[in-house]
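# Commentary on secondary and tertiary structure
Take a look at the letters that make up each chain.
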Amino acid sequence: MDKIIPKQVQCDGHASIIDGKALAGKIRAELKAAGHKANLAVVIVGDDEASHVYVRAKIRAADEVGLGTKLFELDKKTAEVELVKLIEKLNKDKSVDGILVQLPLPKQINERKVLALIDSRKDVDGFTAKNAGQLFLGEEGLFPCTPCGVIEMLESVGETFKGRHAVVVGRSNIVGKPMAMMLLNKGCTVTITHSKTVDLTMHTKMADILVVAVGKRNLITASMVKPGATVIDVGINRYEGKLCGDVDFDAVRDIAAYITPVPGGVGPMTIAMVLKNLTKTIKV
Ligand code: GUN
């Protein structure tokens, strides 16, 4: 694949902005041009507004590149057994190549139990133990979309990974843990930090690559960043009616070499990676 160079906005003394929206657009255009044919079943339970926004964006993106979708919208009171039956049906359905269960699920449903049922070959989110194990072992598989998108963003600006110190802030199963494993597999020295970390700044200050996935506005300030670092902001927070990430963008862009914006950074890349994983299901 040709190297994708995203639009970078270089301002005086400022970091270059890694434009996730533009990079995701190029990836979608490549997927469309390749003419893949695959169908994604999208399952959403309940009426969480943010989840519905994400699901609509995923379906729109699939439509745009010529991939099929089937949407299953279930009531917030749906019993676990009903969802289990649906997953089992979708596993058997030969016309379904990928299954995506939007999280979070309502409290009466055991999230891990439901995700574990998904056929690992259809697991476009990379949430099953089989795919997580393959990532852990450094084998091929379907891996979580947000960290996959972050890796593509880093590659797009010529990141070399080997010997670089990557610091991941956050240890979720969806982002932090798989992110750390991908960076490790690429030859980075990796530190994982989280809510119990005692001196966060001591760690973030050492990062050549800093990936922040916590969900706390202004968690990362300029004094916590090493000059010349690459800062990837996975956070999505709402403040005074606007979206913002976990990084104090205006201050940190004076210190970092590369930085991702929110919105228009990691978010669109996550969606592009869902589609890329869907095209991979036809081969696994
Ligand atoms: N909820 C928040 N992020 C994600 C994601 O990447 N996949 C799914 N299925 N649900 C989510």
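What you are looking at is a predicted structure, and each value in this text was computed from that prediction instead of being measured.

What describes a pair of aromatic rings is the distance from one ring centre to the other and the angle between the planes of the rings. In total, this model carries zero aromatic pairs according to the counting rule given. Across the ring face of F161, the terminal group of K186 is positioned such that the distance to the ring centre comes to 5.0 Å. The side chain of R217 reaches across the aromatic face of Y239, ending 3.4 Å from its centre.

What follows covers the site of the ligand. Close to the ligand lie K58, L100, V101, Q102, L103, D125 and F127. A distance of 3.4 Å separates a nitrogen atom of the ligand from a polar atom in the side chain of Q102. At a separation of 3.0 Å, a nitrogen atom of the ligand approaches a polar backbone atom of L103. Protein coverage of the free-state accessible area of the ligand, which is 280 Å², stands at 81%. Residue composition of the shell around the ligand, by class: four nonpolar, one polar and two charged.

Another aspect to go through is the pattern of salt bridges. With the rule as written, the count across this model stands at 11 salt bridges. Of the charged contacts in the structure, one is a salt bridge between D47 and K76, with a shortest N-O distance of 3.9 Å. Of this pair, D47 sits in the loop between β3 (39-45) and α2 (49-64) while K76 sits in the loop between β4 (68-74) and α3 (80-92); the two residues are 29 residues apart in sequence, bridging distant segments of the chain. Classification of K76 by relative accessible area gives partly exposed; the value is 44%. The partner of K276 in a salt bridge is E152, with the nearest N and O atoms 2.6 Å apart.

So, on to the packing of helix α1 (residues 20-34) against helix α10 (residues 266-281). At a closest axis distance of 8 Å, the pairing of α1 and α10 adopts a crossing angle of 20°. Taken together, α1 and α10 sit at an angle that is classed as roughly parallel. Regarding α1 and α10, the two cross each other, and that crossing is left-handed. Residues G20, K21, L23, A24, I27, R28 and L31 of α1 form the contact with α10, whose own contacting residues are P268, M269, A272, M273, L275, K276 and T279.

Within the element layout of this structure, S223 appears in the loop between β8 (209-212) and β9 (230-233). With 86 residues separating them in the primary sequence, S223 and L137 have C-alpha atoms 36 Å apart. Ignoring anything within four residues of it in the chain, the contact list for S223 reads T201 and K205.

Pairing analysis gives seven bridges linking β3 to β4, with the strands arranged parallel. In the sheet register, V45 faces β4, and the bridge partner there is L74. In this region the chain leaves β3, passes through α2 and returns to the parallel neighbour β4; the handedness of that crossover is right-handed.

Residues V150, L183, V211, I232 and V234 are the most contacted members of the largest nonpolar core, which totals 50 residues. If you list the elements that add at least two residues to this core, you get α1, β3, α2, α6 (145-156), β6 (165-169), α7 (176-185), β8 and α10. When residues of this core are assigned to their parent elements, the largest contribution, eight residues, is made by α10. Apart from residues lying up to four places away in sequence, V211 is in contact with V150, V167, V168, V169, M179, L183, I232 and V234.

Let's shift gears to the packing of α2 against α10. Axis separation between α2 and α10 bottoms out at 10 Å; the angle between their running directions is 55°. For the element pair α2 / α10, the angle class is oblique. α2 and α10 meet at a crossing whose hand is right-handed. Across from A57, K58, A61 and A62 in α2, the residues of α10 making contact are I271, V274 and L275.

Glancing now at the confidence of the model for the protein chain. On average, residues of the protein chain score 95 in pLDDT, and 95% of them reach the 70 mark or higher. Mean pLDDT across the elements of the protein chain bottoms out in strand β1 (residues 8-9) (45) and peaks in β6 (99). In the model, residues 1-11 has pLDDT below 50 throughout and makes 28 contacts with residues more than four positions away in sequence or in other chains.

On to α3, then. The end-to-end C-alpha distance of α3 is 19 Å, a good match for the 18 Å that 13 residues give at a rise of 1.5 Å each. Considered for burial, the residues of α3 that qualify are E80, L83, V84, L86, I87, L90 and N91. Looking down the long axis of α3, one finds its buried residues gathered within 160° of arc, a one-sided arrangement. Exposed side of α3, more than 90 degrees from the buried face: K89 and K92 are the residues found there.

On to the side chain of S156, then. Tracing the chain through its elements places S156 in helix α6. Looking at S156, the relative accessible area reads 5%, which means it is buried. A polar contact of 2.6 Å, which involves the side chain of S156, links it to the backbone oxygen of M153.

Reading guide: rules and limits
- Residues numbered from 1 in each chain as written.
- Predicted model: local features only at pLDDT ≥ 70, side-chain atom pairs only at ≥ 80, totals over all residues.
- Heavy atoms only, no water.
- Phe/Tyr/Trp six-rings, centres within 6.5 Å; stacked < 30°, edge-to-face > 60°.
- Lys NZ or Arg CZ within 6 Å of the ring centre and 35° of its normal.
- Near = heavy atom within 4 Å.
- Polar contact = N/O pair within 3.5 Å; in protein donor to acceptor, adjacent residues only side chain to side chain.
- Areas by Shrake-Rupley, 256 points an atom, 1.4 Å probe, with all protein chains shown as cover.
- Nonpolar A, V, L, I, M, F, W, Y, C, P; charged D, E, K, R; others polar.
- Salt bridge = Lys/Arg side-chain N within 4 Å of Asp/Glu carboxyl O.
- Helix = DSSP H or I, 4+ residues; strand = E, 2+ residues; numbered from the N terminus.
- Buried < 20%, exposed > 50% of the residue type's maximum accessible area, 1.4 Å probe, protein only.
- Axes fitted to C-alpha atoms, helices over the stretch in contact; angles between N-to-C directions.
- Parallel < 35°, antiparallel > 145°, perpendicular 65-115°, else oblique.
- Left-handed = near helix turned anticlockwise from the far one by under 90°.
- Contact = heavy atoms within 4.5 Å.
- Pairing = 2+ DSSP bridges.
- Right-handed = clockwise from strand over helix to strand, strands pointing away.
- Core = buried A, V, L, I, M, F, W, Y, C linked by side-chain atoms within 4.5 Å.
- pLDDT = per-residue confidence, 0-100.
- Expected span 1.5 Å × (residues − 1).
- Arc of directions from axis to C-beta.

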